Amino acid sequence: MVTQVRQEANVFQSAIQRLDLAAKHVDIAPETIDRLKRPKSLLEVSIPVRMDDGTLRVFTGYRCRHDDTRGPAKGGIRFHPDVSRAEVQALAFWMTCKCACVGIPFGGGKGGVIVNPKELSRLELERLSRGYMQQVADFVGPETDVPAPDVYTNATIMGWMMDEYSKINRKRTPGVITGKPIALGGSLGRDDATGRGAYYCIKEIEKRRKWNPKSIRVAVQGFGNAGQSVAKLLHADGYKIVAVSDSRGGICSDDGFDVPSLIKQKNESRKLQAVYCQGSVCELVPARSITNEELLELEVDLLLPAALENQISASNAGKIKASVMVELANGPTRIEADPILAERNVLVVPDILANAGGVTVSYFEWAQNRAGYYWSLEEVQEKLRKIMQAEFNAIYEIMEQIKTDMRTAAYVHALGRIGTALETQGTAEYFSGS
Ligand code: GLU
């Protein structure tokens, strides 16, 4: 128990250490950094849910508002057995940095429920989702804190939560949550936005490194929403996707996989299998089974961690062969692994930039809901591309200028924006007239 508490505290404590590393390169008041080291508020709730067999189960949930200086707090809700107070705080902190990193007018928030949603029936899941919203309804809102999907939550769940919030407030309020079904006010292009944002970053690397996609071998850890979308886009451009995995393990093939077939199979059977499909007929293709740990150490050029936190640590960072790693997951790399990867010249495109496509299109969705005016898919994708491209290149230049790694550069970039906003409200220096 003690170890568990200590480990939990570590996720948040190690996340905020990155502030000190970046602060050395930014002109920022120390008190601004101190403020960012603590979340603004953290709500813990109990959610009683009537199960299908008539029994009552009480789930624990959280919603954390890390900072809202630049705009309403923004960030997903995770349904996962490993959700903890510290994890939610770390994820909310990353959201503050992420929104600042890509310059969208939001602060950072995050929520979660300790649950394995795979064990619930659809109706139990709906009761839990509505129950969560009932408990946090006074804490969230279009002007205060705007949730969205995260690990093991999806558009349907967002739709239930929006409906529940609207009922509680007796007013249809689509802007309270993003990532909703299109029919309920969702935005076109939100579904694959996280993967697409990372894809736009990879296209910039392709230009800078003069990559020929056909000779680039890619491994994807995690084959959920983000992992599937990025793999599909890269595969369509000719990249060789040689390994993919899900929570149960992975598959690997030197010839590369037909990604649309893998996606079809995974989404229909919930199983990750090496298949090639023509129409509705799928046949097995040769592949090797690998573990999630082995996937990270494969001989590939591009590694895409798209699962959970803390996958790359001091013990495996030295074994990574990829020259580029693009973090689609939040916090996949432990802080001790960063210098090892830098030493080995691995270019790491950090989470707060690489997976910011999701929240960027969430911002578009929120703006469309408030305007009551909806955009075409082309418009959404073009606006996303422009933001990702501009912010990627701005961060790349900071990295070269101050001779650091791309993660520190991304935090420098984000802290510049957060610092300006916080300092505009006044600091000790401001009040002492210096
Ligand atoms: N859960 C996603 C993230 O971690 C999306 C958040 C959002 O759209 O607000 O970035």
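Reading guide: rules and limits
Residues numbered from 1 in each chain as written. Predicted model: local features only at pLDDT ≥ 70, side-chain atom pairs only at ≥ 80, totals over all residues. Heavy atoms only, no water. Helix = DSSP H or I, 4+ residues; strand = E, 2+ residues; numbered from the N terminus. Expected span 1.5 Å × (residues − 1). Buried < 20%, exposed > 50% of the residue type's maximum accessible area, 1.4 Å probe, protein only. Contact = heavy atoms within 4.5 Å. Near = heavy atom within 4 Å. Polar contact = N/O pair within 3.5 Å; in protein donor to acceptor, adjacent residues only side chain to side chain. Areas by Shrake-Rupley, 256 points an atom, 1.4 Å probe, with all protein chains shown as cover. Nonpolar A, V, L, I, M, F, W, Y, C, P; charged D, E, K, R; others polar. Pairing = 2+ DSSP bridges. Axes fitted to C-alpha atoms, helices over the stretch in contact; angles between N-to-C directions. Disulfide = S-S within 2.5 Å. Salt bridge = Lys/Arg side-chain N within 4 Å of Asp/Glu carboxyl O. Parallel < 35°, antiparallel > 145°, perpendicular 65-115°, else oblique. Left-handed = near helix turned anticlockwise from the far one by under 90°. Core = buried A, V, L, I, M, F, W, Y, C linked by side-chain atoms within 4.5 Å. Phe/Tyr/Trp six-rings, centres within 6.5 Å; stacked < 30°, edge-to-face > 60°.

Caption draft 1: Layout of helix α13 (residues 377-401). Its 25 residues place the ends of α13 36 Å apart at the C-alpha level, agreeing with the 36 Å of an ideal helix rising 1.5 Å per residue. Regarding α13, the residues found buried are V380, Q381, L384, I387, M388, E391, F392, N393, I395, Y396, I398 and M399. Close packing links the buried residues of α13 with α3 (85-101), α6 (193-209), β14 (347-349), α11 (351-354), α12 (357-371) and α14 (406-424). Backbone geometry just downstream of α13 places K403 in the positive-phi region, at approximately 50 degrees.

Caption draft 2: The arrangement of the site of the ligand in detail. Neighbouring the ligand are 14 residues; K74, K98, P149, D150 and S362 lie closest to it. Separating an oxygen atom of the ligand from a side-chain N or O atom of K98 is a distance of 2.6 Å. Contact distances for the ligand include 3.0 Å between an oxygen atom and a side-chain N or O atom of N330. In the complex, the protein chains occlude 95% of the 290 Å² of accessible area that the ligand would expose alone. Elements supplying a minimum of two residues to the shell around the ligand: β3 (73-80), α3, β5 (145-149) and α12. Classifying every residue of the shell around the ligand gives four nonpolar, five polar and five charged.

Caption draft 3: Main features of the sheet that holds strand β11 (residues 288-290). Spatially, seven strands are ordered β11-β8-β7-β6-β12-β13-β14 in an open sheet, and the strand pairing comes out mixed. What marks the edges here is a single partner per strand, and that holds for β11 and β14. Each strand axis lies, on average, 20 degrees off the axis of its neighbour in the sheet, ignoring direction.

Caption draft 4: Fine view of the state of the cysteines. Applying the stated rule across the entire model yields one disulfide. C101 takes part in no disulfide bond, and the closest cysteine sulfur to it belongs to C97, at a distance of 8.4 Å. For C101, a relative accessible area of 0% translates into the label buried. Left without a disulfide partner, C252 is nearest to the cysteine sulfur of C277, which lies 19 Å away.

Caption draft 5: Layout of the sheet that holds strand β1 (residues 41-50). The five strands are arranged β1-β2-β4-β3-β5 in an open sheet whose pairing can be described as mixed. Two strands bound the open sheet, and with one partner strand each, they are β1 and β5. Between one strand axis and the next, the sheet turns through 25 degrees on average, direction left out of account. The sheet contact formed by β1 and strand β2 (residues 56-67) spans ten bridges and is antiparallel. Looking at β2, one finds that L42 is bridged to C64. Contacting β1, β2, β3 and β4 (108-114), helix α4 (residues 122-136) crosses the sheet at an angle of about 140 degrees to β1.

Caption draft 6: Region of the structure containing the pattern of salt bridges. Going through the model one piece at a time under the given rule, you end up with 31 salt bridges. R370 serves as the salt-bridge partner of E143, at 3.1 Å between the closest nitrogen and oxygen. In this pair, E143 is assigned in the loop between α4 and β5 and R370 in helix α12, connecting sequence segments 227 residues apart. Classification of E143 as exposed rests on a relative accessible area of 59%. Connected through shared salt-bridge partners, R18, E327, D338, D351 and R407 make up one network.

Caption draft 7: Representation of the packing of α13 against α14 within the structure. Two numbers describe how α13 lies on α14: the axes approach to 8 Å, and their chain directions differ by 110 degrees. When the axes of α13 and α14 are compared, the pair comes out roughly perpendicular. Helix-helix and strand crossings are classified by hand; for α13 and α14 the assignment is right-handed. Seen from α13, the contacting residues are E391, F392, A394, I395, Y396, I398 and M399; seen from α14, they are M406, A409, A410, V412, H413 and R417. A class-by-class count of the residues in the contact of α13 with α14 yields ten nonpolar, one polar and two charged.

Caption draft 8: Up close: the nonpolar core. One finds L234, L302, L304, V326 and L353 to be the most contacted residues of the largest nonpolar core, which totals 89 residues. Element by element, the count of residues in this core is highest for α3, at ten residues. Those residues in contact with L234 that lie beyond four places of it in its chain are Y199, I202, V218, Y239, I241, L302 and L304. Counting residues in each nonpolar core, the second largest holds 25 residues, with M51, V113, V140 and M161 among its members.

Caption draft 9: Structural view of the packing of aromatic side chains. Evaluated as defined, the whole model comprises nine aromatic pairs. Both rings, one in Y199 and one in Y200, keep their centres 5.8 Å apart while their planes meet at 50 degrees; by these two values the pair is tilted. For the pair shown, Y199 and Y200 are each scored as buried. Geometrically, the ring pair formed by Y363 and W366 is tilted, given 6.3 Å between the ring centres and 35 degrees between the ring planes. In this pair, Y363 and W366 are both assigned in helix α12, three residues apart and thus about one turn of the helix distant. The class for Y363 is partly exposed, based on a relative accessible area of 24%.

Caption draft 10: Geometry of the packing of α12 against α13. Between α12 and α13, the least distance of the axes is 10 Å, while the angle of their chain directions is 130 degrees. When the interaxial angle is binned, α12 and α13 end up oblique. Where α12 crosses over α13, the two elements pack in a sense that is right-handed. Residues G357, T360, V361, F364 and Q368 of α12 pack against V380, K383, L384, I387 and M388 of α13. Here the residues of the contact of α12 with α13 are counted per class, giving six nonpolar, three polar and one charged.

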